[in-house]
Amino acid sequence: ALKMIKPTHVYHCAGTLSRGTAEVDDRESVLINEIGAKNIVDALLEIKDTNPVEACVMLGTSMEYGLTPDILKEDVVCDPVGSYAVAKHNATQYMQETARRHELPIISLRVFTRDGPGMHQNSLIAKTCKNALEGTNIILSDPSVTRDFIYIDDLIAMMLELVPVAKQYCGEVFNAGSGVATQLDTYIATVLQQSNSKSVIIWDSQYKSAYDERLWKADMTKTFTTLSWSPSVPLPEGIANIMRHQM
């Protein structure tokens, strides 16, 4: 297909959904998250000599890090848990090996918790915002659980800014987050404030997953050093935007 389209830039954003370590369908996860990404890499290699692209940006996930690394930095050894994270990490490793060997301008982003309008209805952010607007109870796992949020507009801006430097960083991985760990109690307080909601928060540890036991905070040193980019949409503004789209 790429031979016919002759693209100058490729953005690979396809992927299945995941909920912590809860297993998505294994076959679907491998087919979309791993094989689909490998097919893109192979297709870019196939047109390298006839119609090379200027850049390809692929979206991975922070869940590739798994539970072991203390610092979530791009060069640590990952220990992914669950079929979703494993498939994503296998795709990243294949991309790195192929792009470095053949000097393909492909970069992968380890995306932390995205927020923005149009999110899947079962995501943490979409569900809590909807409950808050409706004034219904909100059930969460533990107030100390952390997330590193990045607004969708900021993520897109980062992807675009990586394009001019892709040829200098063939096969490299960059964290895409804010570098700030936000606890769930802080997050939900923001949701309630932005919605002026009277929803009752119910904390229930049975909803806590293995991934919730660690601190989620992206080490953004490499990203901030390489790019002039930095996140521009604070969490309260992002939540307000989501709610406007839900109303």
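**Student:** Got a sec to walk through the packing of helix α6 (residues 184-195) against helix α8 (residues 235-246)? Specific residues and values, please.
**Tutor:** To characterise two packed helices, one gives the angle between the axes of the helices and the distance between these axes. At a closest axis distance of 9 Å, the pairing of α6 and α8 adopts a crossing angle of 55°. Overall, the two elements α6 and α8 adopt an arrangement that is oblique. Two packed elements cross with a definite hand, and for α6 against α8 that hand is right-handed. Of α8, the residues touching α6 (which contributes Tyr 187, Thr 190, Val 191, Gln 194 and Ser 195) are Leu 235, Pro 236, Ile 239, Ala 240 and Met 243. A per-class count over the contact of α6 with α8 returns 7 nonpolar, 3 polar and no charged.

**Student:** An account of the environment of Asp 115 is needed here, citing residue identities and associated values.
**Tutor:** Note that Asp 115 resides in strand β4 (residues 113-115). Judged by relative accessible area, Asp 115 falls into the buried class, the value being 3%. Along the sequence, Asp 115 and Lys 167 sit 52 residues apart, while their C-alpha atoms lie 29 Å from each other. Here Asp 115 is in contact with Ile 125, Phe 149, Ile 150, Tyr 151, Ile 152, Leu 235, Gly 238 and Ile 242, once residues within four sequence places are set aside.

**Student:** Can you explain the sheet that holds strand β3 (residues 106-111)? Please cite residues and give values.
**Tutor:** One open sheet accounts for 4 strands, arranged β1-β2-β3-β8; its pairing is parallel. Of all strands in the sheet, those bounded by a partner on one side alone are β1 (9-12) and β8 (173-176). The mean inter-strand angle of the sheet, taken between neighbouring strand axes irrespective of direction, is 20°. Summarising the sheet, strand β2 (residues 55-61) and β3 pair through 6 bridges and their orientation is parallel. Note that in β3 the partner of Val 57 across the bridge is Ile 107. Sheet strands touched by helix α2 (residues 26-46): β1, β2 and β3. Its angle to β1, the strand with the most contacts, is close to 170°.

**Student:** Describe the nonpolar core, and please don't skip the residues or the numbers.
**Tutor:** With 29 residues, the main nonpolar core has Leu 109, Val 111, Leu 155, Met 158, Leu 162 and Ala 176 as its most contacted residues. Those elements giving two or more residues to this core turn out to be β2, α3 (83-102), β3, α5 (152-162) and β8. Element by element, the count of residues in this core is highest for α5, at 4 residues. Setting aside its immediate chain neighbours within four residues, Leu 162 contacts Ile 107, Leu 109, Phe 174 and Leu 227. Counting 16 residues, the second largest nonpolar core, distinct from the first, contains Ala 132, Leu 184, Leu 235 and Ile 242.

Conventions used here
Residues numbered from 1 in each chain as written. Predicted model: local features only at pLDDT ≥ 70, side-chain atom pairs only at ≥ 80, totals over all residues. Heavy atoms only, no water. Axes fitted to C-alpha atoms, helices over the stretch in contact; angles between N-to-C directions. Helix = DSSP H or I, 4+ residues; strand = E, 2+ residues; numbered from the N terminus. Parallel < 35°, antiparallel > 145°, perpendicular 65-115°, else oblique. Left-handed = near helix turned anticlockwise from the far one by under 90°. Contact = heavy atoms within 4.5 Å. Nonpolar A, V, L, I, M, F, W, Y, C, P; charged D, E, K, R; others polar. Buried < 20%, exposed > 50% of the residue type's maximum accessible area, 1.4 Å probe, protein only. Pairing = 2+ DSSP bridges. Core = buried A, V, L, I, M, F, W, Y, C linked by side-chain atoms within 4.5 Å.

From the geometry alone we can't say anything about function, so treat these as descriptive.
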